[in-house]
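Descriptive structure summary
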Amino acid sequence: MMRVGIGNDIHRLEKGRKLIIGGVIIPSDKGEEAHSDGDVLIHAIIDAVLGATAMGDIGTLFPDDEVFTENMDSTIMLREVLQKTKCRIVNLDSTVHIEAPKLRSHIDAIRDNLSKIMNIPVSAVSVKAKTAEGLGPVGEGLAIASDAVILLEGAS
């Protein structure tokens, strides 16, 4: 059986925090403000997987008011979700919305890292970067957001 899931996430950007996207640290003077490491791309992927399997959302498994999730590495969260769902990811299509820094030079590293975590070929991992053309909190440099669509095989 095949299922599709859609996920999204948004976080404020804060000076002095690490900017982590797809498990890759991106040089920046601002990073995600969050209880965990704040990786918006991985959080969107997690929500897409959980949505496809009708298992709730990221907050169900990793509440932001629990000590065990404080500063938690999002790659660990994704690996745990993939173990629980016991599904095979067919492909991922994702978009990161950020005004700065530009992500073009980091996309290959992000795709490679995600392919390893999800155990799928890099050719099945799409990561795009978009600006908000100066509009809204993303465009003003106050936030980062991400969307993810995932196709799973073996979901029941």
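Scroll up a little and you will see the structure.
The following paragraphs examine the structure supplied in this document. Here, residues in each chain are numbered from 1, in the same order as that chain's written sequence. Per-residue local features of the predicted model are confined to residues with pLDDT of at least 70, and side-chain atom pairs are confined, for both listing and counting, to 80 or more; whole-chain, interface and lining totals are unaffected and use all residues. Values shown for side chains rest on all heavy atoms present in the structure; no hydrogens or waters enter the calculation.

A look at the overall build of the chain
We count it as follows: In this text, helices come from DSSP runs of H or I with a minimum length of four residues, and strands from runs of E with a minimum of two, each type numbered from the N-terminal end. We take the radius of gyration over the C-alpha atoms and set the globule estimate at 2.2 Å times the residue count to the 0.38 power. Think of it in three bands: with a 1.4 Å probe and only protein chains considered, a residue is buried below 20% of the maximum accessible area for its type, exposed above 50%, and partly exposed in between. Any pair of residues with heavy atoms lying within 4.5 Å of one another is described as a contacting pair. All accessible-area figures derive from a Shrake-Rupley calculation using a 1.4 Å probe, and residue coverage is judged against the displayed protein chains alone. Counted as positive: Lys and Arg. Counted as negative: Asp and Glu, with His and the chain ends omitted from the count. To locate a charge, take NZ of a lysine, CZ of an arginine, CG of an aspartate or CD of a glutamate.
Per the secondary structure count, the chain includes 5 helices and 7 strands. Whereas a compact globule of 156 residues would reach a radius of gyration of roughly 15 Å, the chain reaches 15 Å, a difference of no more than 12%. Viewed in the frame of its principal axes, the chain has a C-alpha envelope of about 40 × 35 × 25 Å. Counting over 156 residues, the chain shows a buried share of 46%. Relative to all contacts within the chain whose residues are 6 or more apart in sequence, the contacts with residues 24 or more apart total 71%. Carbon and sulfur atoms make up 52% of the accessible area of the chain, which amounts to about 7900 Å² in all. The positive charge centre, built from 16 side chains, and the negative charge centre, built from 23, are 6 Å apart in the chain.

Observations concerning the nonpolar core
Threshold: To qualify as a nonpolar core, a set must consist of buried Ala, Val, Leu, Ile, Met, Phe, Trp, Tyr and Cys residues joined through side-chain atoms within 4.5 Å.
Membership of the largest hydrophobic core comes to 41 residues, with the highest contact counts inside it found for Ile21, Ile45, Leu114 and Met118. Here this core takes 10 residues from helix H1 (residues 40–52), the largest share from any one element.

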